[in-house]
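# Architecture at a glance
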Amino acid sequence: MTVPSSDADLITLEIIGLPLALHARAQEHGDELNREFRLMAEQLHDDPAGAHVPRRLIELTDSLTASYGGFTERQEDLLESAIRSGQDTIDLRYQLPRHVAAAATSLAAMLDEADEFCRAGQHLLTLATPADCVAYRRWFLEEFVRQAD
């Protein structure tokens, strides 16, 4: 993924009424999953099939962080501050490259696949994402797709 060369390549996306408690729970679950996937990928490096989903999720999240991290730092700081202050919701505005829609679609599909991997229960302690967090995740990522289109 490439980073745009000018502000002309950016679009404005707004997330209105983001539920902070649900966001915090979803983020915590995602962080746990990411830690476990990283450990699993390292432990199963000799078994390419055994760590296929974890490796792909790690590669995708690393790629997205490299491509979009600079565009979302301020929003991440606002989210953390709002959670610490006890707010219920927050409105966020992002300036992102239009191709964020494809990235959001890829991430949504990969996270759904990771949940299936968790449900299989072969290698993980982390459970599949709770239903309310899945609904939140889908809403959040679909907003990027919908607004970018």
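Summarised in this report is the structure supplied together with it. (Residues numbered from 1 in each chain as written. Predicted model: local features only at pLDDT ≥ 70, side-chain atom pairs only at ≥ 80, totals over all residues. Heavy atoms only, no water.)

## Focus: a negative patch on the surface
A surface patch of negative charge is lined by Glu 73, Glu 76, Asp 77 and Glu 80. Residue position: Glu 76 is located in helix α2 (residues 52-84). (Patch = residues over 30% accessible without salt bridge, like charges linked within 9 Å, V, L, I, M, F, W, Y side chains within 5 Å. Areas by Shrake-Rupley, 256 points an atom, 1.4 Å probe, with all protein chains shown as cover. Salt bridge = Lys/Arg side-chain N within 4 Å of Asp/Glu carboxyl O. Lys, Arg positive; Asp, Glu negative; His and termini not counted. Charge placed at Lys NZ, Arg CZ, Asp CG, Glu CD. Helix = DSSP H or I, 4+ residues; strand = E, 2+ residues; numbered from the N terminus.)

## A short note on the packing of helix α3 (residues 100-120) against helix α4 (residues 131-148)
With their axes 8 Å apart at the nearest point, α3 and α4 run at an angle of 160 degrees to one another. As far as their axial angle goes, α4 and α3 are roughly antiparallel. Both α3 and α4 take part in a crossing whose hand is left-handed. Here Val 100, Ala 101, Ala 104, Thr 105, Leu 107, Ala 108, Leu 111, Asp 112 and Asp 115 of α3 lie close against α4, whose contacting residues are Val 134, Arg 137, Arg 138, Leu 141, Phe 144, Val 145 and Ala 148. (Axes fitted to C-alpha atoms, helices over the stretch in contact; angles between N-to-C directions. Parallel < 35°, antiparallel > 145°, perpendicular 65-115°, else oblique. Left-handed = near helix turned anticlockwise from the far one by under 90°. Contact = heavy atoms within 4.5 Å.)

## Observations regarding the pattern of salt bridges
Inspection of the entire model under this criterion finds seven salt bridges. A salt bridge links Arg 25 to Asp 132, with the nearest nitrogen and oxygen atoms 2.6 Å apart. Highlighted residues: Arg 25 in helix α1 (residues 20-43) and Asp 132 in helix α4, separated in sequence by 107 residues. Taking relative accessible area as the criterion, Arg 25 reaches 40% and is therefore assigned partly exposed. Across the salt bridge formed by Asp 112 and Arg 137, the nearest N and O atoms sit 2.7 Å from each other. Of the two residues, Asp 112 is situated in helix α3 and Arg 137 in helix α4; the sequence distance between them amounts to 25 residues. Note on Asp 112: relative accessible area 26%, which makes it partly exposed. By relative accessible area, Arg 137 is classed as buried at 11%. Taken together, the shared-partner salt bridges connect Asp 112, Asp 115, Arg 137 and Arg 138 into one network. (Buried < 20%, exposed > 50% of the residue type's maximum accessible area, 1.4 Å probe, protein only.)

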